[in-house]
Protein chains: 2
Amino acid sequence: MNSTEVKAFGAKTNTADLEQLQINRREALADDVEIDILYCGVCHSDIHTVRNDWGGSKYPVVPGHEIIGRVISVGENVSKFKEGQLVGVGCMVDSCQHCQSCKDGLEQYCENGMVGTYNGKDEHLGGHTFGGYSEKIVVDQKFVLNVPENLDTKGVAPLLCAGITTWSPLRNWNVKEGDKVGVIGLGGLGHMGIKFAHALGAKVVMITTSPGKSEDAKRLGADEVLISKDEEQMAEHAGSFDFLLNTVPVKHDINPYIGLLKRDATMVLVGAIEPLEFHGGGLIMGRKSVAGSLIGGIKETQEMLDFCGEHDIVSDIEMIDMQNINEAYDRVTSNDVKYRFVIDMQSLKN
Amino acid sequence: MNSTEVKAFGAKTNTADLEQLQINRREALADDVEIDILYCGVCHSDIHTVRNDWGGSKYPVVPGHEIIGRVISVGENVSKFKEGQLVGVGCMVDSCQHCQSCKDGLEQYCENGMVGTYNGKDEHLGGHTFGGYSEKIVVDQKFVLNVPENLDTKGVAPLLCAGITTWSPLRNWNVKEGDKVGVIGLGGLGHMGIKFAHALGAKVVMITTSPGKSEDAKRLGADEVLISKDEEQMAEHAGSFDFLLNTVPVKHDINPYIGLLKRDATMVLVGAIEPLEFHGGGLIMGRKSVAGSLIGGIKETQEMLDFCGEHDIVSDIEMIDMQNINEAYDRVTSNDVKYRFVIDMQSLKN
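Residues numbered from 1 in each chain as written. Chains lettered and ligands numbered in written order. Predicted model: local features only at pLDDT ≥ 70, side-chain atom pairs only at ≥ 80, totals over all residues. Heavy atoms only, no water.

**Observations concerning the UniProt feature "domain: Alcohol dehydrogenase-like C-terminal" (unreviewed entry) in chain A**
Test applied: UniProt positions are given in the numbering used here, feature names are shortened, and annotations may be inferred rather than shown by experiment. Only runs of H or I of at least four residues qualify as helices and only runs of E of at least two qualify as strands under DSSP, and these elements are numbered from the N terminus.
Per the UniProt record, the feature "domain: Alcohol dehydrogenase-like C-terminal" (unreviewed entry) sits at residues 188-308 of chain A. Note that residues 188-308 of chain A is 37% helix and 28% strand, and that its end C-alpha atoms are spaced 16 Å apart.

**Some details on the packing of aromatic side chains**
Residues and elements named next belong to chain A. Stated formally: Aromatic pairing here means that ring centres of Phe, Tyr or Trp (its six-membered ring) are within 6.5 Å. Orientation follows from the plane angle: under 30 degrees is stacked, over 60 is edge-to-face, and everything else is tilted. Between buried and exposed lies partly exposed: a residue is buried under 20% and exposed over 50% of the maximum accessible area for its type, with that area taken using a 1.4 Å probe on protein chains only.
All told, the structure shown has seven aromatic pairs over all chains when counted by the stated rule. With centroids separated by 5.2 Å and ring planes inclined at 70°, the aromatic side chains of tryptophan 167 and phenylalanine 196 adopt a geometry described as edge-to-face. With tryptophan 167 in helix α6 (residues 162-172) and phenylalanine 196 in helix α7 (residues 188-199), the pair connects residues that are 29 residues apart, well separated along the chain. What makes tryptophan 167 buried here is its relative accessible area of 2%.

**Things to note about the packing of helix α6 (residues 162-172) of chain B against helix α7 (residues 188-199) of chain B**
All names here are of chain B. How we decide: With axes taken as lines fitted to C-alpha atoms, and helix axes fitted only over the stretch in contact, angles between N-to-C directions fall between 0 and 180 degrees. Angular relationships are summarised with four words: roughly parallel below 35 degrees, roughly antiparallel beyond 145, roughly perpendicular across 65 to 115, and oblique for the angles in between. Crossing handedness follows the turn of the near helix against the far one: under a right angle anticlockwise gives a left-handed crossing, and clockwise gives a right-handed one. The criterion used for residue contact is that any of the two residues' heavy atoms lie within 4.5 Å. The residue classification treats Ala, Val, Leu, Ile, Met, Phe, Trp, Tyr, Cys and Pro as nonpolar and Asp, Glu, Lys and Arg as charged. All others, Gly included, are polar.
Relative to each other, α6 and α7 sit at 50°, their axes nearing to 8 Å. If you check the angle between α6 and α7, you find them oblique. Considering only the axes of α6 and α7, their crossing is right-handed. In contact with Ala162, Gly163, Thr165, Thr166, Trp167 and Leu170 of α6, α7 contributes Gly188, Leu189, Met192, Gly193, Phe196 and Ala197. Residues belonging to the contact of α6 with α7 are distributed by class as follows: seven nonpolar, five polar and no charged.

**What about the sheet that holds strand β11 (residues 241-246) of chain B?**
The cut-off we apply is this: DSSP-based pairing: two strands are paired if at least 2 bridges between them are found.
Spatially, the twelve strands line up as an open sheet ordered β10(A)-β9(A)-β8(A)-β11(A)-β12(A)-β14(A)-β14(B)-β12(B)-β11(B)-β8(B)-β9(B)-β10(B), and their pairing is mixed. Every other strand in the sheet has two partners, leaving β10 (224-227) of chain A together with β10 (224-227) of chain B as the edge strands with one partner each. Strand after strand, the sheet turns through a mean of 20° between neighbouring axes, direction not considered. The sheet contact formed by strand β9 (residues 203-208) of chain B and β10 of chain B spans four bridges and is parallel. Looking at the pairing, threonine 208 of chain B lines up with isoleucine 227 of chain B of β10 of chain B.

**Considering the domain arrangement of chain A**
Residues and elements named next belong to chain A. Let me state the cut-off plainly: Where each domain begins and ends follows an automated or database-derived domain assignment. Computed with a 1.4 Å rolling probe, the buried area is the accessible surface lost when two parts are put together, summed over both parts. Here, a salt bridge means any side-chain nitrogen of Lys or Arg that lies within 4 Å of a carboxyl oxygen of Asp or Glu. Polar contact criterion, stated in full: a pair of N or O atoms within 3.5 Å, where within protein one must be able to donate a hydrogen and the other to accept it, and residues adjacent in sequence count only if both atoms are side-chain atoms.
Taken domain by domain, chain A comprises domain 1 (3-161 + 316-349) and domain 2 (162-292). Between the C-alpha centres of domain 1 and domain 2 there is a distance of 29 Å. Taken together, both faces of the contact between domain 1 and domain 2 bury some 980 Å²; the carbon and sulfur share is 49%. In this assembly, domain 1 and domain 2 are joined by two salt bridges. In this structure, the connection of domain 1 to domain 2 is made through twelve residue pairs in polar contact (both at pLDDT 80 or more). Of the residues belonging to the side of domain 1 that touches domain 2, the class tally is six nonpolar, no polar and four charged.

**Concerning the interface of chain B and chain A**
Contacts between the two partners involve 37 residues from chain B and, on the opposite side, 37 residues from chain A. Summing both sides of the interface, chain B and chain A together bury roughly 2,900 Å²; the carbon and sulfur share of this comes to 59%. On the chain B side of the interface with chain A, the three residues burying the most area are Arg263, Ile284 and Arg287 of chain B, jointly 27% of the side's total. Viewed at the interface, chain A and chain B are joined by two salt bridges. Notably, a salt bridge pairs arginine 263 of chain A with aspartate 104 of chain B, separated by 2.5 Å at the nearest N-O pair. On inspection of chain B and its partner chain A, the count reaches 15 residue pairs in polar contact (both at pLDDT 80 or more). Sorting the residues of the side of chain B that touches chain A by element identifies α4 (100-103), α6, β12 (261-269), β13 (275-279), α11 (280-284) and β14 (289-292) of chain B as the ones contributing at least two each. In terms of residue count, the dominant contributor to the side of chain B that touches chain A is β13 of chain B (five residues).

**Points about the relation of the copies chain B and chain A**
Superposing the two chain copies requires a rotation about an axis and a translation along that axis. Going by this rule: A least-squares superposition brings the copies together, and it is based on the C-alpha atoms of residues with pLDDT no lower than 70 in both.
Overlaying chain B with chain A gives an RMSD of 0.0 Å, the required rotation being 180° about an axis along which the chain moves by 0.0 Å. The superposition operator between the copies reduces to a two-fold rotation axis. Proximity to the rotation axis, assessed at the C-alpha, singles out glutamate 277 of chain B in chain B; its C-alpha lies 2.1 Å from the axis. Of the interface residues in chain B, 100% have counterparts in chain A that sit at the interface too, so the contact is made through matching surfaces.

**Here we look at the pattern of salt bridges**
Residue and element names in this part refer to chain A. By the definition in use, this model includes 35 salt bridges over all chains. Two residues, arginine 70 and glutamate 149, come together in a salt bridge whose shortest N-O distance is 3.0 Å. Remark: glutamate 149 occurs in the loop between β7 (145-146) and α5 (153-156) and arginine 70 occurs in strand β2 (residues 67-74); sequence separation between them is 79 residues. The exposure class of arginine 70 is partly exposed, given its relative accessible area of 29%. In this structure, arginine 219 and aspartate 216 form a salt bridge, with 2.8 Å as the shortest nitrogen-oxygen distance.

**Re the pairing of strand β16 (residues 340-344) of chain B**
All names here are of chain B. Stated formally: When the strands point away from the viewer and the connection leading from the first strand across the helix to the second strand turns clockwise, the crossover is called right-handed.
β16 sits mainly inside the fold: four of its five residues count as buried. One ladder, built from four bridges, connects strand β1 (residues 32-42) with β16; its direction is antiparallel. The residue bridging glycine 41 from the neighbouring strand is valine 342, located in β16. Summarising the sheet, strand β15 (residues 317-321) and β16 pair through five bridges and their orientation is parallel. Counterpart to aspartate 321 in the pairing with β16 is aspartate 344. Traced from β15 through helix α13 (residues 325-333) to β16, the parallel crossover comes out right-handed.

**Focus: a negative patch on the surface**
To keep it simple, the criterion reads: Candidates for patches are residues over 30% relative accessible area with no salt bridge; among them, like charges are joined within 9 Å and nonpolar side chains (Val, Leu, Ile, Met, Phe, Trp, Tyr) within 5 Å. The Shrake-Rupley method, run with a 1.4 Å probe sphere, supplies the accessible areas, and residue values consider only the shown protein chains as cover. We score Asp and Glu as negative and Lys and Arg as positive, and we do not count His or the chain ends. One atom stands in for each charge, and that atom is NZ of Lys, CZ of Arg, CG of Asp or CD of Glu.
Together, Asp253 and Glu277 of chain A together with Asp253 and Glu277 of chain B make up a region of like negative charge exposed at the surface. As for its position among the elements, aspartate 253 of chain A is in the loop between β11 (241-246) and α10 (255-258). For aspartate 253 of chain A, a relative accessible area of 45% puts it in the partly exposed group.

**Overview of the side chain of aspartate 316 of chain A**
Residue and element names in this part refer to chain A. Summarising the element assignment, aspartate 316 is placed in the loop between α12 (298-311) and β15 (317-321). For aspartate 316, a relative accessible area of 18% corresponds to the buried category. Side-chain polar atoms of aspartate 316 contact the side chain of lysine 195, separated by 2.6 Å. Within polar-contact distance, the side chain of aspartate 316 engages the side chain of arginine 219 at 2.9 Å.

If you want it as structure tokens, here you go:
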């Protein structure tokens, strides 16, 4: 590892930090799985963390929480995984395991705080965790996922974050065959939302401000495209949706979408961690709900991967080398990717 | 009826309007129940309509949708009610009866628009409907409720709006024994929310900005009082509520309340038909929901009245004569009533 590579991570760092990084590389413990990383997806959160947009970033940052690799070795307590097995690691690598959320298999809501795959507090070695823009990672077996061998492995990486973030709410709110489901926003999350809702048998409407996205939305599985800026189209669909998955990652007016919901229906936000305004009457007049959802638990992540294996679902991706990460970040920021960059980790060794 | 009485209604009117009012008095049809009104509650909506705060008020306005009376006569198709029976009429007097909401017994969400007890479109006689600040009312049997004889009848009137508005969400979100339920705001709605949540076996926390309301909240059934301006108290209760019933009728900051919810818990708004702001991350981080709820359907209103009969629950009221309505309106506007004014309709005949 040299400073050129570190620049490629987009992290602010220096040589002293790098030495620290080497020191903190986690050794495999009894419950750990050591993984040789093949591919790692590029999530917008990586960029926010690298750039400290949310505050609290700890440098050096090694981002990456859409990790696919093969098991190199396992600790003595590990029975679920064996050398050579194809596995994945998502957004979490630890949690308290004893709070109600952990007991319910929803470690992402751990009441004592789940440990993020990067920039989390490393309870084993102290310091903070380092993510998947790396050759290897060592993770507790409870946070390692089994990846079906029949899929195009490169496209599996984004399932670990973009995939589970959209799968979890679709399942939690019980989206089923025949439901009319709207997916708002066509990016990394939205394109997975369309694929999953379609595979679950829903009638899927892609809701976007951009007419140019129609063709691609239909290719991904949308039955219809609704242009949210077209008031006439919006009026036609008023009060008709069983469920809305809102993947928009920035502040926006949610009132027109609330108007699309049926009585008792819910719009779930998975992207916007911003202040949002809505009209109370819009919820009251139809007993409607606005909810939020964060990634997904380990159990449901495994269920999603198994479902993807059965239905041959992966993310649409564009492969990059590690050396092109900064260009990729710029393109993610300007929404210029269909629909997720995945880093070929072999390039780290180049 | 003379002009003095009309002034008491708070309505802008004149003699010509009054003649029209007499002409439009509905005659009993085959499915109708004619009711001699004993008592009528004073709802804040009455004031908003009389003063055209929401726009669209049709004058002359005869407000009142918390109506208790005795049956005088019934139409030939009416079998459920008979002369002399104690009955109630709430916020609705008609709906389409064939949309999904009507079929589901949730006429308040009628997709073709329910007919309000006053200021609604009268489908039988044309013109608009007139409410309960009156000697008599004629209502389709489907919108007439049976009132248990064992209750203090005066206190039953507000159950038809303030009661069902709080009962319906408590039931729809399945509040049950042992749940920790917060009722936000102690007014006409909030005081019924406390009584119902307590009677359903929940641990009830009254959440208010006013420490002065503590004693009364406990008398009404609250186990605890949480002063929302006290950050330390709010932090102690963070993430601990199974359900929040938000009765605040004006614009306010809902973020601190979202912080009180457990994972997967819901805050239901029943009062604020205003633009409200929340932080998307506050919902996402615990899969929380904000929802709205409007009054309740006829079936659940009857269930509520039966429950009140069994549990001896009525509203806390202050009786007034019709002649004091404008003073009462001023006191409602300044939150100076514990907790609902009820008009003794005998006073109309004075």
